[in-house]
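# Descriptive structure summary
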Amino acid sequence: MVNSRKLPEYIETAIIGAGPHSLTLVNHLLHKKPKLRSRVMVFDPSGEWLTQWRHQLEAQEIIHLRSPAVHHPAPNPFALRKFAETRPSELYPPYDLPGTKLFQDFCDHLIKTNGLEKLIFPAIVTKIKPLKPKNFQLQLSSGQEICTRRVVVATRADEINLPPWVKNLQPPTLVHSHQVDLRSLNLQGENILIIGGGLTSGHLALGAIAKGATVDLMSRKQLQEKLFDTDPGWLGPKYLKSFEAQPCWHERYDMIQKARNGGSLTPAVMLKLKRLTREGKLNLQENCQVTHAHHHQNQWYIKCENGQTQQYDRIWLATGSKFQAQNHHLLEDIWGQYNTPIIQGLPVLDKYLRVKGAELFIMGGLASLRLGPTARNLSGAIKASNLITEALVKPSLYLD
Ligand SMILES: Cc1cc2nc3c(=O)[nH]c(=O)nc-3n(C[C@H](O)[C@H](O)[C@H](O)COP(=O)(O)OP(=O)(O)OC[C@H]3O[C@@H](n4cnc5c(N)ncnc54)[C@H](O)[C@@H]3O)c2cc1C
């Protein structure tokens, strides 16, 4: 429900985006200092919490999360397990991975019990303008403006990766995975090419086959099987200690790339894919890349490195996303104003995830040079929330 909260002229802390990262921060912050409630405002065009998150899981018909039950927006790591006491069948093996519905209900419970709907103002922030000597002005899609002392950007600022042979996406037959909504599709008798080797490609292949299609899953590398997208050693000191001790940002970037190492499939999804391969509904094409694509009379003709040409009704690109801070339209004035170094698309932030010299914090993948390879995940949201909360509640850490 979009609320009709009136826009004040000034708010102490503005949070842009109402996804899981923002929700985690708000829960941590208000747990630490409840009286900040009246001084925080969250902006999201939907006017509600988790709209985008909910959409992406439902569109791919994802049954359970990949991350374990301790990764969620509440400050107490065991809160989700406690909430699930009467719903044990919705915690999936091997590490109690929360079911999508359970996770959503838990978040709704947090939002309701803490009255967090009231914090959201329904608008897109179109610009963040630094004001002298401090403060920022946020410009909204509605044409309104608000002045704020502190800003947190929690917008998931990634850009889709497209293979070089894709000049333009051509919906509905050539789309990126985030545009696919399995719920609305009837794929009976269709032949679909899915490109990618991550969990999204696996989910889409399972979904498409369940809706009557046959699928070719093409990956430029050998498909990798991993329980989590990064080694759990990155959640604690095992790997983070040497990451945080590394003074060279380029080295840190390389460590992140190496840790994520492209995409991977969970053992459970891999098992299902192998079964479908045996049943003849799925063809796995590993170590293979498209060199050329041509669309003619509702069919895609694909030429691969091996010289073969194949024909498909649709192509789905599960080719992931990348972070390019310099292209982030909300932050384009900020980088220059505060002389922020950008390393391979990632900004160098201070240890509380602030743009150096500004009360402007960044959560999510763009904070990877500080948080490591899990920055974009729910565990990264928890780490970021702890750091940002500290900087928001301790006057000794304020920049003025
Ligand atoms: C299919 C899928 C499954 C995933 N599963 C897991 C998992 O199991 N475990 C895990 O740890 N991670 C998972 N992730 C990774 C990550 O947790 C999610 O991508 C998550 O949605 C990131 O949260 P977020 O808050 O950064 O972004 P989002 O959920 O995208 O929320 C950002 C919000 O910001 C709003 N916004 C954007 N721009 C503006 C603006 N200018 N003004 C105002 N509002 C704006 C958007 O409308 C959106 O609501 C998954 C990702 C995907 C795609």
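Reference entry: report on the structure contained in this document. Here the structure is a predicted model, which means the values were calculated and not measured.

### Some words on the nonpolar core
The biggest cluster of nonpolar side chains holds 86 residues, and the ones touching the most others in it are Phe43, Trp49, Ile128, Leu138, Leu331, Leu360 and Ile362. Counting residues in hydrophobic clusters, the runner-up holds 24 residues, among them Val180, Leu204, Val215 and Leu265.

### Topic: helix H11 (residues 378-393)
With 16 residues, H11 should reach 22 Å at 1.5 Å per residue; the first-to-last C-alpha distance of 22 Å fits that figure. Here H11 lies mainly inside the structure; 13 of its 16 residues are buried.

### Regarding the pattern of salt bridges
Tallied over the full model, the rule gives 20 salt bridges. A salt bridge links Asp158 to Arg156; the shortest N-O distance between them is 3.5 Å. Taking relative accessible area as the criterion, Asp158 reaches 26% and is therefore assigned partly exposed. What makes Arg156 partly exposed here is its relative accessible area of 47%. Note that Arg354 is salt-bridged to Glu359, the shortest N-O span being 3.8 Å. What makes Arg354 buried here is its relative accessible area of 4%. Through salt bridges with shared partners, a single ionic network connects Arg87, Glu90, Lys101 and Asp105.

### Digging into the site of the ligand
In the vicinity of the ligand there are 27 residues, among which Asp44, Arg66, Ser67, Val125 and Leu378 approach most closely. His21 is positioned with one of its backbone polar atoms (N or O) 3.0 Å from an oxygen atom of the ligand. At 2.8 Å, a backbone N or O of Leu378 approaches an oxygen atom of the ligand. Protein burial of the ligand: of its 980 Å² of free accessible surface, 86% is covered by the chains. Among the elements of the structure, helix H1 (20-32), strand S2 (40-44) and helix H2 (51-59) are those that each provide at least two residues to the shell around the ligand.

Cut-off values and rules
Residues numbered from 1 in each chain as written. Predicted model: local features only at pLDDT ≥ 70, side-chain atom pairs only at ≥ 80, totals over all residues. Heavy atoms only, no water. Core = buried A, V, L, I, M, F, W, Y, C linked by side-chain atoms within 4.5 Å. Buried < 20%, exposed > 50% of the residue type's maximum accessible area, 1.4 Å probe, protein only. Helix = DSSP H or I, 4+ residues; strand = E, 2+ residues; numbered from the N terminus. Expected span 1.5 Å × (residues − 1). Salt bridge = Lys/Arg side-chain N within 4 Å of Asp/Glu carboxyl O. Near = heavy atom within 4 Å. Polar contact = N/O pair within 3.5 Å; in protein donor to acceptor, adjacent residues only side chain to side chain. Areas by Shrake-Rupley, 256 points an atom, 1.4 Å probe, with all protein chains shown as cover.

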